[in-house]
There are 2 protein chains.
Amino acid sequence: MYTYQGRDMTDIAEPATYPITEVNRVKRVHERGRYDKATVHAILDAALVCHIAYVIDGQPYCTPTGFWREGEHLYWHGSSASRMLKAQREGIPVCLTVTHVDALVMARSGFHHSINYRAVMAYGTAHAITDPDEKLRLMDNFIDRIYPGRSKLIRQPTPQEFKATMMMGMEIETASGKIRDKHVADEEEDYEAVPAWSALYPITQVLGEPSECARQLPGLAFPEGMSDFTPGAKFDEVMTKAYRRTFG
Amino acid sequence: MYTYQGRDMTDIAEPATYPITEVNRVKRVHERGRYDKATVHAILDAALVCHIAYVIDGQPYCTPTGFWREGEHLYWHGSSASRMLKAQREGIPVCLTVTHVDALVMARSGFHHSINYRAVMAYGTAHAITDPDEKLRLMDNFIDRIYPGRSKLIRQPTPQEFKATMMMGMEIETASGKIRDKHVADEEEDYEAVPAWSALYPITQVLGEPSECARQLPGLAFPEGMSDFTPGAKFDEVMTKAYRRTFG
């Protein structure tokens, strides 16, 4: 269930999978494709950074940026001066992609070398959030999505900061997930015939020891909502837990 | 210097920075922009996975994939059946983006929350590599770029595998790097006025312990070229070292 401030935001009539169209159908190694919303959402909610593809005057751009999900909407933000957000303000098609790299897979032929990963490509039309109350709510949610409860601890935006920040959103019109989660898988005859040391190397994104601001006020407690921010923790798990603390 | 098989591939008349145009100019926080090739190349060569934006019938796509650089060319590969590569075969504009996430930066206002990162957006026209010798050379280089020397240890592609694999390339027509590498930077008055615990959290992608293939042949030595693949090593550093071992 997706809740926000105690309210159930789930449309119970909503289908649990994304429609499969020519746009989102996973063609290459199609057995890796996932269209169920639970899987797609889990991949999205474990990430802070996505890459967004969009087109200006026929030129494609691929911009990395922080983002988060609320129900079937994705949000990101940036400067009112940015090329990306100026272009997207009026409503343009975008593809928002999230990728977690999980392992290197070394096989006995080049063809079977691989990467374990979890990825989502989400398609929709980007538009600017112009309602001031909604924009302010989203600004708080973006902070809280990363650092649960933090929006209540920090200074609120000044009018200039509010104006300089553009908040963007899109409804997920369709999406696909793609997952590889397998060990070495070689051609049967290669296991014996090819004397190449073969292995899977896990890759994880981890949080380090925090470096406190040199001008920290004395006596401040470590923020309550951040108890999952332990040095060495896997970042995708920290982001998933932060997400659930904030959005239920 | 960029060498390949002992040969200096650097055009010494080549300028050391990318031309700044309307396409690649860093507009948002422009002091973070980098156009010198040394910086752009270093960010690219520290990565295995990129995201590529391209357009089919007006719909932008953002596809994650493995890639590598040779001089001013970038290469990636995939299935001949893939939507991306079918579209790119004839030559279409793409934007290839690499992002390393280095830290979370928690400030005393939402406006000054940030992420430390190193990113490159490279622009060019993707085309298929059709010459069989060049394609085979690139297949070997892709393996060696990750695992130095491994192309000599594994089985070579069968005719079917060779046909099923499409190799793509682009010349970097222009590119920009963008780097944030700073601690918390708040408005002067907020340091004292806002009692919010503030810190920088490093984020690193690290290699885990290898899990050997269950059908490993007995007595195989750990590959010589992979001595930098130590558990706990930072993956961007492992990829940079592998790159230099293979390309000098």
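Residues numbered from 1 in each chain as written. Chains lettered and ligands numbered in written order. Predicted model: local features only at pLDDT ≥ 70, side-chain atom pairs only at ≥ 80, totals over all residues.

(A) View of the overall build of chain A. Looking only at helices and strands, chain A features 6 helices and 12 strands. Along the first, second and third principal axes, the C-alpha atoms of chain A reach 70 × 50 × 40 Å. Counting the 248 residues in chain A, one finds 41% classified as buried. Here the analysis covers contacts within chain A between residues at least 6 apart in sequence; of these, 72% occur between residues at least 24 apart. (Helix = DSSP H or I, 4+ residues; strand = E, 2+ residues; numbered from the N terminus. Buried ≥ 20, exposed ≤ 12 C-beta atoms within 10 Å, placed from the backbone. Contact = placed C-beta atoms within 7 Å.)

(B) Highlighting the interface of chain A and chain B. Opposite the 76 residues of chain A that make contact, chain B presents 76 residues. Top element by residues in the side of chain A that touches chain B is strand 11 (residues 199-207) of chain A. It accounts for 9 residues. Judged from the 2 bridges that link them, strand 11 of chain A and strand 12 (residues 211-212) of chain B form a sheet pairing that is antiparallel. Counted as the bridge partner of A:Ala199 is B:Glu212 from strand 12 of chain B. (Pairing = 2+ DSSP bridges.)

(C) Region of the structure containing the relation of the copies chain A and chain B. When chain A is fitted onto chain B, the two copies agree to an RMSD of 0.0 Å after a turn of 180 degrees and an axial shift of 0.0 Å. The transformation just described matches what one would write down for a two-fold rotation axis. Distance from the rotation axis, computed per C-alpha, reaches its smallest value in chain A at A:Gln205: 2.0 Å. (Least-squares fit on C-alpha atoms with pLDDT ≥ 70 in both.)

(D) The arrangement of the pairing of strand 8 (residues 114-128) of chain A in detail. All names here are of chain A. Of the pairings in the sheet, the one linking strand 7 (residues 92-105) to strand 8 comprises 13 bridges and is antiparallel in character. What sits directly across from Thr97, in strand 8, is Met121. Sheet topology note: the strand 8/strand 10 (residues 174-180) ladder contains 7 bridges and is antiparallel. Bridging from a neighbouring strand, Val120 pairs with Gly177 of strand 10.

(E) Examining the environment of B:His51 more closely. For B:His51, the location among the structural elements is in strand 4 (residues 49-56). Overall, the presence of 27 C-beta atoms within 10 Å leaves B:His51 in the buried class. Those residues within four positions of B:His51 in sequence are excluded, and the remaining contacts are A:His51, A:Cys62, A:Thr97, B:Cys62, B:Thr63, B:Pro64 and B:Thr97.

(F) Structural detail: the packing of helix 3 (residues 132-146) of chain B against helix 6 (residues 235-247) of chain B. All names here are of chain B. Taken N-terminus to C-terminus, the directions of helix 3 and helix 6 make an angle of 135 degrees; their axes are 7 Å apart at the nearest point. As the angle between them shows, helix 3 and helix 6 are arranged oblique. Contact with helix 3, carried on its side by Asp144, Arg145 and Ile146, involves Ala242, Tyr243 and Thr246 of helix 6 and no other residues of that element. Tallied by class, the residues present in the contact of helix 3 with helix 6 amount to 3 nonpolar, 1 polar and 2 charged. (Axes fitted to C-alpha atoms, helices over the stretch in contact; angles between N-to-C directions. Parallel < 35°, antiparallel > 145°, perpendicular 65-115°, else oblique. Nonpolar A, V, L, I, M, F, W, Y, C, P; charged D, E, K, R; others polar.)

(G) A look at the nonpolar core. Grouped together as the largest cluster of nonpolar side chains are 125 residues, with contacts concentrated most on A:Ala53, A:Val120, B:Ala53 and B:Val120. Considering each element in turn, this core owes the most residues, 8 residues, to strand 7 of chain A. Setting aside anything within four residues of it in sequence, one finds A:Ala53 in contact with A:Pro60, A:Cys62, A:Val94, A:Cys95, B:Ala53, B:Pro60, B:Tyr61 and B:Cys62. (Core = buried A, V, L, I, M, F, W, Y, C linked by C-beta atoms within 7 Å.)

(H) Highlighting helix 1 (residues 37-45) of chain A. Residues and elements named next belong to chain A. All buried positions along helix 1 are accounted for by Val40, Ile43 and Leu44. The arc that holds the buried residues of helix 1, viewed along the axis, is 100 degrees, so those residues lie on one side. Elements in contact with the buried residues of helix 1: strand 3 (33-34), strand 5 (59-70), strand 7, strand 8 and strand 10. (Arc of directions from axis to C-beta.)

(I) Molecular detail of unusual backbone geometry. Residue and element names in this part refer to chain A. Positive phi outside glycine occurs at Asp57, with the angle close to 50 degrees. Checked against the element boundaries, Asp57 lands in the loop between strand 4 (49-56) and strand 5. Residue Asp57 is classed as exposed on the basis of its 7 C-beta neighbours within 10 Å.

(J) Region of interest: the confidence of the model for chain A. Residues and elements named next belong to chain A. The share of residues in chain A with pLDDT of 70 or more is 94%, and the mean pLDDT across the chain is 92. When the criterion is pLDDT under 50, residues 1-5 qualifies, and its contacts beyond four places in sequence or with other chains add up to 14 contacts. The low-confidence segment residues 7-13 (pLDDT under 50) makes 8 contacts with residues lying over four places distant or belonging to another chain. Model confidence for the complex: the whole-complex pTM is 0.92, and ipTM, which rates the interface, is 0.92. (pLDDT = per-residue confidence, 0-100.)

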